[in-house]
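# A look at the structure
Below are the chains, spelled out letter by letter.
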Amino acid sequence: MTPPPAAAPAAIVAQSGASVMIGAGDIHSCTSQIGSSTAALVDSVLRADSTAKVNDAVFLLGDNATAGGPTQYADCFTRTWGDLGKRSGKKLHPTPGNHEYDTGNADQYFKYFGAAAGSPGKGFYSYDVGEWHVIVVNSNMIVSNDFPEAARAEQMRWLEDDLKAHKTPCTIAYWHQPRFSSGWHGSNAQLGPLWQLLYDHNVELVLSGHDHGYERFQPMSPAGVRDTVKGITAIVAGTGGGTLRGFSKILPNSAYRIEGRHGVLLLTLGKAEYRSAFLEVGGRVWDMSGGKCH
């Protein structure tokens, strides 16, 4: 049974000295108006951040437009979340989903987002939000057989170098397919070595989409065992506009699940700590949580 919602969004937006990250995955339905509603929700939160910090960021967890083609981006994404970037003045920080590769090499994705998507054909990059370092991984390179081993190895080398080069106390990583999920698609064991590398470098949070629901896990080791010392908290938020799905087998350490609700994930990033919450279309706030950096 889903617990009752918490109270107002303003309670977690207005934190002195904190930066805001907000976003979702699976915004991709061209036959639904929900993408416009989730975009409007993001816009309202950014406007409510009275300090108007330049570091506030909007993240996209993949499957941003159905089939990833030029028509879908122009007719669906641009008029919803694409316009959001223009209205708010905040840069969109995307990651590709499997649907971006429905058109081959995700050419339209890289063309649409340009430099914001990282190097053409690769799709991995990093940036900073306040005092936090944020890493974007192209999980398709790992879970799909369409990529050569050399491409996978290149991304892993880049990731290790990036982690070593950025010694910030707090780090987030995100990609499309989840390592752990109780949803319809489920977990991806192929992402185990990636989780291990992030764990070894004390990453705090991993965000994913792909499964069309919301789920937050207790901090876990690469083996999926609860770990309150070095464990990484995983959050799945494939709730941006696609058709919602339920859950199948509930995994150990699944701390909170929401099905049947479109919305976005809000993170407020402070000094050595963070807070998270799921904001439902309509304004209700669910699963207010948080933690400290390792």
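So, here's what we can say about the structure. This one's a predicted model, so the numbers in the text were calculated from it and none came from an experiment.

### Thoughts on empty space enclosed by the protein
Going through the model one piece at a time under the given rule, you end up with one cavity of 30 Å³ or more. Quantified by volume, the largest cavity comes out at close to 40 Å³. Pro178, Arg179, Phe180, Trp195, Val206, Leu207, Ser208, Ala234, Ile235 and Val236 are the residues that line the largest cavity. Within the residue set of the lining of the largest cavity, elements represented by two or more residues are strand E7 (205-208) and strand E9 (233-237).

### Topic: the sheet that holds strand E3 (residues 92-93)
With respect to topology, six strands assemble into an open sheet ordered E3-E2-E1-E11-E12-E13, the strand pairing being mixed. The outermost strands of the open sheet, each flanked by one partner alone, are E3 and strand E13 (285-292). Bridge analysis of strand E1 (residues 19-24) against strand E2 (residues 57-60) gives four bridges, and the strand direction is parallel. Bridging from a neighbouring strand, Ala24 pairs with Leu60 of E2. Of the strands in this sheet, E1, E2, strand E11 (263-269) and strand E12 (273-280) are in contact with helix H2 (residues 34-48), which crosses E11 at around 25 degrees.

### Describing the nonpolar core
Inside soluble globular proteins, nonpolar side chains tend to come together where they are buried. Formed by 31 residues in total, the largest nonpolar core has its most connected members in Ile22, Phe77, Trp81 and Leu279. Those elements that provide at least two residues to this core are E1, H2, E2, helix H3 (70-88), helix H4 (107-113), E11 and E12. Formed by 27 residues, the second largest nonpolar core is a distinct cluster that contains Trp132, Cys170, Tyr256 and Trp286.

### Remarks on the state of the cysteines
Counting across every chain of the model gives one disulfide. Disulfide partner of Cys170: Cys293, at an S-S distance of 2.0 Å. Note on the Cys170 and Cys293 pair: the S-S dihedral is about 110 degrees, so by sign convention the disulfide is right-handed. Here the residue Cys170 occupies a position in strand E6 (residues 170-174), and Cys293 occupies one in the segment after E13, the gap between them amounting to 123 residues.

### Structural notes on the pairing of E1
Regular strands show a simple pattern: their side chains alternate between the two faces of the sheet. In terms of burial, E1 is a largely internal element, six of the six residues being buried. Side chains Ser19, Met21 and Gly23 project from E1 onto one buried face, and the interleaved Val20, Ile22 and Ala24 project onto a second face that is buried too.

### Examining H2
The end-to-end C-alpha separation of H2 is 21 Å, in line with the 21 Å expected for 15 residues at 1.5 Å each. Among the residues of H2, Gly35, Thr38, Ala39, Leu41, Val42, Asp43, Val45 and Leu46 are the ones counted as buried.

Conventions adopted
Residues numbered from 1 in each chain as written. Predicted model: local features only at pLDDT ≥ 70, side-chain atom pairs only at ≥ 80, totals over all residues. Heavy atoms only, no water. 1 Å grid on protein atoms, 1.4 Å probe; cavity = no way out; pocket = protein on both sides within 12 Å on 5 of 7 lines; lining within 4 Å. Points joined across faces, edges and corners; volume = space filled by probe spheres on them. Helix = DSSP H or I, 4+ residues; strand = E, 2+ residues; numbered from the N terminus. Pairing = 2+ DSSP bridges. Contact = heavy atoms within 4.5 Å. Axes fitted to C-alpha atoms, helices over the stretch in contact; angles between N-to-C directions. Core = buried A, V, L, I, M, F, W, Y, C linked by side-chain atoms within 4.5 Å. Buried < 20%, exposed > 50% of the residue type's maximum accessible area, 1.4 Å probe, protein only. Disulfide = S-S within 2.5 Å. Expected span 1.5 Å × (residues − 1).

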